[in-house]
Every structure is written in C-alpha cells, then in structure tokens.
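Breakdown of the fold
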Amino acid sequence: MPKGKAKGPKGKKITLKIAKNSIRIALDGGLRLDLSKMGITTFPKCILKLADVDELDLSRNMLKKIPSTIQKFQNLRWLDLHSNQLEDLPEAIGSLQKLLYLNISNNKLTTKNLPEDLSLLKNLRILNLGLNCLDSIPTTLGSLKELQEIGLFDNALTTIPKSVKNLPNLKKLNAERNPFPDSTEEVQDDSIKRVETLYLVQEKDLCSSCLEMCQNERDKMNMLTNKTQSSSRKLSFPLLFTPNSPAKDNQEEWRLK
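Attention in this report is confined to the structure presented alongside it. (Residues numbered from 1 in each chain as written. Predicted model: local features only at pLDDT ≥ 70, side-chain atom pairs only at ≥ 80, totals over all residues. Heavy atoms only, no water.)

For the rest of this paragraph, the subject is the overall build of the chain. Helix and strand counts for the chain come out as 4 helices and 8 strands. In sequence order, the chain lays out its α and β elements as α-β-β-β-β-β-β-β-α-β-α-α. Split into buried and exposed, the 257 residues of the chain put 42% on the buried side. Taking the intrachain contacts of the chain between residues at least 6 apart in sequence as the baseline, contacts between residues at least 24 apart amount to 42%. (Helix = DSSP H or I, 4+ residues; strand = E, 2+ residues; numbered from the N terminus. Buried < 20%, exposed > 50% of the residue type's maximum accessible area, 1.4 Å probe, protein only. Contact = heavy atoms within 4.5 Å.)

As structure tokens, then:
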C-alpha cells in the first residue's frame, strides 16, 4: 500500500468559465452566483474575480473551510453555506457589512469555533445556525439589533442568552430539538413578558381616567396572553426549514424570504 496520508474526495474543479455560467439574476434584480450541489471540496479561488455579486450560494457541497478572502465579496447581501462540512468560519466574515442573510446550518460548527466577528454583521436580518454542534450561543450575538429570524434547531443548547431572546426586531426563533432542562420551550412567551415590563407605576399613583385607560389596556394584554398561550402548542417556523428534508428538494425553497 502506498505510504502517506489518505486523500479525501477530489471534488469538482470550478473554472472561471463555469462560475460565470453559474451567475443568475436574483429575485431583487441583483447578481447571484449559484454553485450549490456541485461536489466542491475546496473554495474556488477563481470566483474571487466575481466578487461584485450580490448573492453567493455554495450550499450542499463538501467544503471544510472558507478562506479569509471571503472578505473580498463586499457587496454580498446573501450568503448560503448550508449543508457542507465546515468546522469553523474565518473572522473575516464579519467584514461583510451589507450581509442581510447568512445560512450556515447543517455543518460541523462548534461554539468555540464561531468567529467573534460574527457580531459585527450589524445589518443581518436572518441567521440560520441550525443542525450544528453548538452547546451555547455567544451573548455577543445580542448586538445584531436588526436580526429578525434566527434558527438554532438541532444543536446541543441548554439555554439561550437573554441578549438574543430580547433582540428588538426578532420575530422568529426556532430552537426545536435542543436539550433544554425545562420541557417547555423557554422562548415562547418572551414577547409578552417584554410588554409586561412596560407597566412601571402603581395604581394608587394614577388619576381615575388614567387608571381606567391602563386597566383597559391590561385587559387587552391578558386576552392576548391567553390567546398566545393556547396557540403556543402549535408553534411552527415555516421559514426555517430543516436541511435535507425530502419535501425541500428544490434549492430555491431554502431561501428565507
């Protein structure tokens, strides 16, 4: 038998011509470089010559590493790296200040190897970290004030930082199938708790008209609480799909709109 370290699969070689032929028009009219499901094992250096694209799709390949040269894609608003074999990400990813969407689900990422500079993506709206090996979520992600959706499903999380749960614009949080110590999902009623904290005065300090107005608002809030609690058992997150679902074979359906 030949000596030396065994080599992994060679993968498909992406040339500049192949990459150029893989450019599509995105839904918003921008340029999308789609290299998904191409059997790529190493990041194609040639695509650095196409760094002016608005969207980059390298999902469903066999990538183990993303180089720091990813920072050359300064126009990126959408980056999809889901379903690869990534164990870490470069700190340079934090320089993609225009990024609105980042999908790094279904990889081999650990909490230790999440780059600190991920918290620099101040314009990020959607972040998918599902199906990885995360045992905790960095509290620094609480600085992503524009974040609207976050996927944390299928990890090893036992808690979610308040800085993340209380993000001001957060609308969807999928944390299903994590080993939380409490059997009930700990993030379900956070939005209601946040509203309750706005009542900071005692009844005796209010005039009769103000007291009546507050009581009416409180009654409305209680109705909302009861309605939310009754529907919380049927929570679903249709925009944060689980990778490799047989019902989601179409690559376009992985896009979170």
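A complete count under the given rule lists 7 salt bridges for this structure. One salt bridge in this structure joins R32 and D57, with 3.0 Å as the shortest N-O distance. Residue R32 is found in strand β2 (residues 31–34), and its partner D57 is found in strand β3 (residues 55–57); the two are separated by 25 residues along the sequence. Each member of the pair, R32 together with D57, is buried. D154 is paired through a salt bridge with R177; the nearest N and O atoms lie 2.9 Å apart. (Salt bridge = Lys/Arg side-chain N within 4 Å of Asp/Glu carboxyl O.)

Let us look at the environment of K165. Within the element layout of this structure, K165 appears in helix α2 (residues 162–165). Judged by relative accessible area, which is 11%, K165 ranks as buried. Sequence separation between K165 and G142 is 23 residues; the distance between their C-alpha atoms is 8.1 Å.

Before going further, it helps to examine the pairing of β2. Of the strand pairs in this sheet, strand β1 (residues 23–25) and β2 are connected by 3 bridges, and their pairing is antiparallel. Considered in β2, the bridge of R24 is made with R32. Two successive antiparallel strands, β1 and β2, enclose a turn made up of 5 residues, where G29 displays a positive phi of approximately 95°. With 3 bridges joining them, β2 and β3 adopt parallel strand pairing. Of the residues in β3, the one forming a bridge with L33 is L56. (Pairing = 2+ DSSP bridges.)

On to the sheet that holds β3. Taken in spatial order, the 8 strands make up an open sheet running β1-β2-β3-β4-β5-β6-β7-β8, and their pairing is mixed. In the strand order of this sheet, the two ends are held by β1 and β8 (172–174), each with one partner. The average undirected angle you get between the axes of adjacent strands in this sheet is 10°. Sheet topology places strand β5 (residues 101–103) next to strand β6 (residues 126–128); 3 bridges connect them, and they run parallel. Note on β6: the bridge partner recorded for N103 is N128. (Axes fitted to C-alpha atoms, helices over the stretch in contact; angles between N-to-C directions.)

On to the packing of aromatic side chains. Within the structure shown, the criterion is met by 1 aromatic pair. Ring centres 5.1 Å apart and planes at 15° place the aromatic pair W78 and Y101 in the stacked group. One end of the pair, W78, is in strand β4 (residues 78–80); the other, Y101, is in strand β5, with 23 residues separating them in the sequence. Each member of the pair, W78 as well as Y101, carries the same accessibility label: buried. (Phe/Tyr/Trp six-rings, centres within 6.5 Å; stacked < 30°, edge-to-face > 60°.)

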